[in-house]
Structure formats: structure tokens, C-alpha cells
Amino acid sequence: METKSIMIVGVGGQGTLLTSRILGNIAVKGGYDVKISEVHGMAQRGGSVVTFVRYGDKVAEPIVEEGCADVLIAFERLEALRYAHFLKKDGVIIVNDVRMDPMPVAIGAAQYPENIIEDLSKTYKVTSLDAKSEALKLGNARVFNTIIVGVAAKSMDFDKDMWIQVIKETVPPKTVDLNVAAFEAGYELA
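Model, not experiment: these values are computed from the prediction.

Reading the values: rules and limits
Residues numbered from 1 in each chain as written. Predicted model: local features only at pLDDT ≥ 70, side-chain atom pairs only at ≥ 80, totals over all residues. Heavy atoms only, no water. Helix = DSSP H or I, 4+ residues; strand = E, 2+ residues; numbered from the N terminus. Buried < 20%, exposed > 50% of the residue type's maximum accessible area, 1.4 Å probe, protein only. 1 Å grid on protein atoms, 1.4 Å probe; cavity = no way out; pocket = protein on both sides within 12 Å on 5 of 7 lines; lining within 4 Å. Points joined across faces, edges and corners; volume = space filled by probe spheres on them. Nonpolar A, V, L, I, M, F, W, Y, C, P; charged D, E, K, R; others polar. Phe/Tyr/Trp six-rings, centres within 6.5 Å; stacked < 30°, edge-to-face > 60°. Axes fitted to C-alpha atoms, helices over the stretch in contact; angles between N-to-C directions. Parallel < 35°, antiparallel > 145°, perpendicular 65-115°, else oblique. Left-handed = near helix turned anticlockwise from the far one by under 90°. Contact = heavy atoms within 4.5 Å.

1. Remarks on the environment of P172
Structurally, the position occupied by P172 is in the loop between helix 7 (160-170) and helix 8 (176-189). For P172, a relative accessible area of 44% gives the class partly exposed. Placed 154 residues apart in sequence, P172 and L18 show a C-alpha to C-alpha distance of 9.8 Å.

2. So, the layout of surface pockets
In this structure, the largest pocket spans a volume of roughly 350 Å³. Every residue lining the largest pocket is counted, 17 residues in all, and those nearest its centre are D70, V71, V92, S155 and M156. Here the lining of the largest pocket takes five residues from strand 5 (residues 87-96), the largest share from any one element. Residues of the lining of the largest pocket, tallied by class, amount to eight nonpolar, three polar and six charged. Approximately 260 Å³ is the volume attributed to the second largest pocket. Of all the elements in the fold, those that place two or more residues in the lining of the second largest pocket are helix 6 (144-153) and helix 8. For the lining of the second largest pocket, the element with the highest residue contribution is helix 6, accounting for three residues.

3. A short note on the packing of aromatic side chains
All told, the structure shown has nine aromatic pairs when counted by the stated rule. Their ring planes at 55° and their centres at 5.5 Å tell us that Y32 and Y55 sit as a pair that is tilted. Highlighted residues: Y32 in the loop between helix 1 (16-29) and strand 2 (33-40) and Y55 in strand 3 (residues 48-56), separated in sequence by 23 residues. In this structure Y32 comes out as partly exposed when scored by relative accessible area, which is 22%. Residue classification places Y55 among the buried residues on the basis of a relative accessible area of 4%. Centroid distance F158 to W163: 6.1 Å. Interplanar angle 80°. Geometry classified as edge-to-face. Assessed through its relative accessible area of 7%, F158 is described here as buried. Classification of W163 by relative accessible area gives buried; the value is 0%. Members of the aromatic cluster, joined through ring pairs, are Y32, Y55, F158, W163, F183 and Y187.

4. A look at empty space enclosed by the protein
Within this structure, the stated rule accounts for one cavity of 30 Å³ or more. Looking at the largest cavity, its volume works out to about 30 Å³. Along its surface, the largest cavity is lined by I6, V71, I73, I94, A152, S155 and M156.

5. Focus on the packing of helix 1 against helix 7
Look at helix 1 against helix 7: their axes get within 9 Å of each other, and the N-to-C directions meet at 130°. By the criterion of interaxial angle, the relationship of helix 1 to helix 7 is oblique. Note on packing geometry: the crossing formed by helix 1 with helix 7 is right-handed. Taking contact as the criterion, the partners of L18, R21, I22, L23, N25, I26 and K29 in helix 1 are, on helix 7, M162, W163, Q165, V166, I167, E169 and T170. Residue classes in the contact of helix 1 with helix 7 are distributed as eight nonpolar, three polar and three charged.

Here it is, written out as C-alpha cells:
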């Protein structure tokens, strides 16, 4: 199998690292060679966090070069815009339609761009959802990332039961039922 490259981008505290572990674990369970790279920005201060998950028969390195990612999972609109150039021409963006102002915008030194999702849709195949609202329906806004994993899972080559098993093995034990419900919600939304 040709190597697949997934990039997960977000803001510190949004669960990008847990998401990359779930994606890495599903690929390992599927029998693939997997490389994961975590790039921490100012994660503790709401800065960008980027993780790469690459899997295939033999993966040489964990880093995804510009123009080479198959999928970009973005937990915030501006992060999707910021990293879209990493996608292949036929790449897919799954974006959480939420706005989190970075520090330059918060202090008035920069403007938050308008129409991000519409603009990205002109070039890429974009799936957009308000995962936070969906997570709130389950009673916990923090599982929005697992909802997005559910959306992404629908277009990946792994069986739904395998995804659920990996989620059960990867998330903190106290959150298993909630995360499985979040995954199921995202899977149904896709």
C-alpha cells in the first residue's frame, strides 16, 4: 500500500495528540508501518499544535512535506487555512467550524480572516462541521475531537468495530463510554 499521510492541526489543549495516537493505533492494528511526529508550538498558551501520522507498507519518515498530505484534520478554521498548503491536489480537509482567536487577533494586532471554509472549498474537498455543538449534545465539549475522528473514519480503510476497539484502548479509562458515543456520533454525521 502506498503511504498515507494525515496531518492534524489545532490549538493547544484541543486533543491533537490524543487524536494522532488514535489514528496511529488504528493503522498499527491494521498491520501497517506507522510513523508519528508531534510538533508542539506554544501549546500551553493556545498556540498551534501539529501532528503527522503516516502509515503504509513501509514508512521512511514521519514528517509530511508541503503538497503531500492526503488528509488535513483541523480543529479550528484558521488552523485549516494556515496548513492547507500541505495537502495534495486531491487532498481532503475535515474542519471543525469553530473560531479561536490567536493572540495577534485577541490583542488587535491582526484580523481574523472571513470566509475561510468557503475559500478553502474552492481548492480542496472540505468537510466542515461544528463538532463542539455535537459534543455538547453528549454532555462534554471536550470530546469534539473524537467526533471528528468518527467523521474521518468513514472515509478510511478500517472497519468500524476496529475503530471502536482502538478508541477503547487509547482514551483514558474513565472516558471510554463518552468517547465511543462521540465516535459513533461523528461516524453517523459523515
